[in-house]
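Now for the letters of each chain:
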Amino acid sequence: MIKEEIKKLISQMTLEEKASLCSGATDWLTQKIERLGIPSMRMADGPHGVNKHSGLTDIFGGAITNPTVCFPAECTSAASFDRNVLRKIGETMGNIAQAEGVNVLLGPGVNIKRSPLCGRNFEYLSEDPLLAGELGAAYIEGIQSQGVGACVKHFLANNQETLRLTSSSEVSDRALREIYMPAFETIVKKARPWSVMASYNKINGKYATENRTYMTDVLRKEWGFDGFVVSDWGATHNRVAAVAAGTDLTMPAEKETDAEIVEAIREGKMPEFLLDIACENLLSIVFHAANNSQVNVEKDFDAAHEVARESVEQSAVLLKNEDSIIPLKSTSQIAFIGTFAKAPRYQGGGSSTVNAERTTNAFDAVKGITEVTYCPGYDGDEPNMVLIEEAVEAAKAVDVAILFIGLPNNMESEGIDRKHICLPNSHNALVEAVTSVQKNTVVVLHNGSPVAMPWTDQVKGILEMYLGGQAVGEATVNLLFGKVNPSGRLPESFPKRLEDTSAFLSYLDAGSKAYYQEGVYVGYRYYETKKVDMLYPFGYGLSYTEFSYSNLKLDKKVISPGNILKVSLDVTNTGSMAGKEVVQLYVAVKNCEVYSPAKELRGFDKIELEPGQTKTVCFELDKRAFSYWNEDAKQFHMPGGIYEIQIGKSSHDVILSQEIHANGEYLEQEQSFSLMTSIGDFVKHPIGKIFMDEYLDAICEGVIRSGIAGSVTGEKMDVAQVRGMITGIYSQPLAILKTFLPRLHVNDWTKLINQLNDK
Ligand code: BGC
């Protein structure tokens with residue numbers, strides 16, 4: 001339906017009907033208005049499966065959802081670093097949603113992993129906004145290609161579960177713009193999601209659902225969002241304020257508060273046009289959904305299961321492989337130890353939990369390849385010495401022990417943050433005991449976020465499967481036996497200790513305010529800047545083959561704001577097995593007047609190479625890759641400086657690099673100049689720059705004359721030496737130049753200031 005027709009329809013609606021449209025009819029349906037032919041629209045949770053409620057409840061009163069395919073959780077699929085993997089999952093989920101009569105899928109979640117403690121990290125993609133944005137966009141393109149909408153969530157700065165309904169995220173504009181907003185921005189601009197979910201929390205004191213700055217000004221006016229904003233379930237506290245802010249739909253049903261909107265309009269407290277806008281935003285998608293909904297769509301769970309398997313195979317991260325302990329040989333004597341070998345943890349807890357139509361486990365999946373011995377190893381969080389003894393005996397009797405361990409459900413879930421990053425004692429004790437008798441030990445991990453691994457030196461192999469979805473068992477076996485070559489990379493840094501994380505001092509202090517004191521220093525941006533040792537860095541992951549990088553080319557030596565920098569390099573598979581490599585491009589700061597993270601991911605690509613094959617990988621970087629958010633000017637600003645283009649195998653392992661100079665961009669700020677303006681700000685103005693070029697030598701002579709430029713030996717410096725150190729006075733006010741430039745008259749200074757102020 002076109003805009004005009006929708007407007008006409010709205011003009012025929014009563015105030016009551018309009019208000020009722022803006023809250024759900026049920027937990028999952030929007031309000032229909034039969035009189036005007038307005039249908040309802042069905043929503044269902046994602047992000048890693050189509051969680052359609054069957055309408056039935058179990059004996060505890062819990063909702064039963066229809067059996068469906070459980071894809072890898074987002075923590076896992078993000079590790080693929082592969083847009084195609086995410087797109088394919090999205091497409092397949094979109095198809096299932098169509099078959100289920102679901103119009104909008106509530107996902108993906110693209111909140112930034114601020115701390116590994118966040119209980120919902122398994123539902124989010126990354127600590128890096130570029131990765132989260134690119135993968136989230138691909139996911140949404142996939143879902144929406146099937147005529148089903150995606151609802152990207154949870155907007156904005158929703159990075160903890162503690163006090164999740166009430167806490168206020170106290171965060172700087174710079175951190176919001178550089179860290180917490182760009183994934184949403186990329187998604188809105190690239191993938192045009194049908195919906196955005198306003199989060200539970202407040203942002204700097206104002207509930208997201210009532211925050212017009214973000215829900216309207218940024219989302220719609222700046223980024224061009226043209227779908228509807230829905231509140232997280234129960235996140236609306238004031239219906240009138242929500243509508244006024246741009247939260248078009250409150251979910252779930254809140255019929256008792258519809259009258260508040262009617263009353264506010266009747267009493268002149270809110271103009272009616274704001275309600276009309278909300279209706280228009282919602283109806284444009286309701287009718288779009290109705291037009292795109294198809295009948296008799298077949299869902300093919302067998303095919304979808306294969307997609308789930310391939311996705312987790314492309315996402316598993318090989319963290320350690322000493323002596324090439326894996327791939328395993330089918331002729332070896334092998335023990336699978338740990339209950340996760342028979343009952344893997346394959347998804348997280350909370351609204352995303354789906355009723356998997358089948359699950360596979362490694363113990364069953366390995367049967368086609370070889371026979372393994374099995375023992376459970378643990379039965380709870382605390383060590384069971386009988387089970388550990390049994391495991392030790394089993395491990396002694398074989399060539400290789402594979403330990404299946406990780407985080408149980410009770411340690412990681414929506415609604416609860418972790419307090420530590422340790423595995424259960426029983427799992428760590430099992431590793432200790434087994435490795436004391438069996439040096440060929442490999443750990444397979446099932447967890448939704450980073451864990452400390454005090455035993456890394458004692459094991460030969462570590463395979464991070466994250467929460468791999470229903471096909472995780474087969475995938476694990478395919479990876480362990482080399483049918484598939486691991487190619488996942490960590491989408492988040494693994495710290496050695498919780499104390500090493502940048503939010504450690506302020507995360508979860510349980511007050512009503514969450515202070516984002518670390519600013520933009522989140523994840524690797526912190527570790528790399530502060531030079532903190534990590535267990536495994538962001539972007540890290542091994543392969544069964546080797547890759548070499550060469551021939552890094554930059555198409556220019558200097559980049560200016562309007563330019564595009566083209567970067568290319570060659571990657572060769574130098575090993576003997578086909579494999580996939582993730583090529584990562586970081587822009588690192590060498591010298592820049594604005595303090596910024598040491599490096600930031602600005603490009604990535606995943607390529608497949610046969611043994612001996614070489615491919616050229618290309619990237620294009622624009623101004624944004626060299627910019628920071630200038631809080632005074634309220635815009636991204638490219639400061640001048642010297643940078644390095646780094647091609648790395650992780651944030652920490654740089655293979656190729658080349659320097660690039662950036663020409664700074666002059667910001668027409670509303671700055672008023674005076675003699676108390678800093679010399680640094682003065683030289684950013686074109687007139688200031690010319691002035692300094694003109695008078696630099698005279699200033700240096702003045703500095704020498706004043707006697708402040710002495711060397712350690714007591715000898716006077718010469719002009720050339722002082723010139724090299726001149727930026728040392730940039731934080732001083734312009735007034736000090738008066739002393740160094742006696743030949744300038746007071747009128748000259750007044751004239752200069754007037755010119756700067758454009759008078
Ligand atoms: C969650 C959302 C979810 C919604 C509906 C909320 O509690 O935060 O992510 O989509 O419930 O289940």
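That block above? That's the structure.
Summarised in this report is the structure supplied together with it. Quantities reported herein were computed from a predicted structural model and do not represent experimental measurements. (Residues numbered from 1 in each chain as written. Predicted model: local features only at pLDDT ≥ 70, side-chain atom pairs only at ≥ 80, totals over all residues. Heavy atoms only, no water.)

1. Topic: the pattern of salt bridges
Scanning the model with the defined rule gives 52 salt bridges in all. For E313, the salt bridge goes to R309, with nearest N and O atoms at 3.0 Å. Highlighted residues: E313 and R309, both in helix α12 (residues 301-313), separated by 4 residues, approximately one helical turn. Given a relative accessible area of 3%, E313 falls into the buried group. Among the ionic pairs, R345 bridges to E412, the shortest N-O distance being 2.7 Å. Of this pair, R345 sits in the loop between β14 (334-337) and α13 (362-365) while E412 sits in the loop between β16 (400-406) and α15 (425-435); the two residues are 67 residues apart in sequence, bridging distant segments of the chain. By relative accessible area, R345 is classed as buried at 5%. (Salt bridge = Lys/Arg side-chain N within 4 Å of Asp/Glu carboxyl O. Helix = DSSP H or I, 4+ residues; strand = E, 2+ residues; numbered from the N terminus. Buried < 20%, exposed > 50% of the residue type's maximum accessible area, 1.4 Å probe, protein only.)

2. Focus: the packing of aromatic side chains
Tallied over the full model, the rule gives 20 aromatic pairs. With centroids separated by 5.7 Å and ring planes inclined at 65°, the aromatic side chains of Y526 and Y527 adopt a geometry described as edge-to-face. Comparing Y526 with Y527, the two get one shared label, buried. Connected via pairs of aromatic rings, a cluster forms that spans F81, Y524, F538, Y586 and F604. In this structure, K599 is placed above the aromatic ring of Y586, and the distance from its NZ or CZ to the ring centre is 5.7 Å. (Phe/Tyr/Trp six-rings, centres within 6.5 Å; stacked < 30°, edge-to-face > 60°. Lys NZ or Arg CZ within 6 Å of the ring centre and 35° of its normal.)

3. Observations regarding the sheet that holds strand β25 (residues 579-592)
Strand order across the open sheet formed by 5 strands is β23-β31-β30-β25-β26, with mixed pairing between neighbours. Strand pairing shows two members of the sheet lacking a second neighbour, β23 (558-559) and β26 (599-609), which therefore form its edges. (Pairing = 2+ DSSP bridges.)

4. Re the site of the ligand
Inspection of the region around the ligand gives 13 residues, with D45, R120, H154, Y200 and D232 positioned closest. Between the ligand and the protein, one listed contact pairs an oxygen atom with a side-chain N or O atom of R120 at 2.7 Å. R164 is positioned with one of its side-chain polar atoms (N or O) 3.4 Å from an oxygen atom of the ligand. Out of a free accessible area of 310 Å², the ligand has 92% covered by protein chains. Taken together, the residues that form the shell around the ligand break down as 5 nonpolar, 2 polar and 6 charged. (Near = heavy atom within 4 Å. Polar contact = N/O pair within 3.5 Å; in protein donor to acceptor, adjacent residues only side chain to side chain. Areas by Shrake-Rupley, 256 points an atom, 1.4 Å probe, with all protein chains shown as cover. Nonpolar A, V, L, I, M, F, W, Y, C, P; charged D, E, K, R; others polar.)

5. Comments concerning the side chain of T435
In this fold, T435 is placed in helix α15. A polar side-chain atom of T435 sits 3.5 Å from a polar atom in the side chain of Q458. Those residues within four positions of T435 in sequence are excluded, and the remaining contacts are T441, Q458 and V459. (Contact = heavy atoms within 4.5 Å.)

Don't take any of this as a statement about function, it's just geometry.
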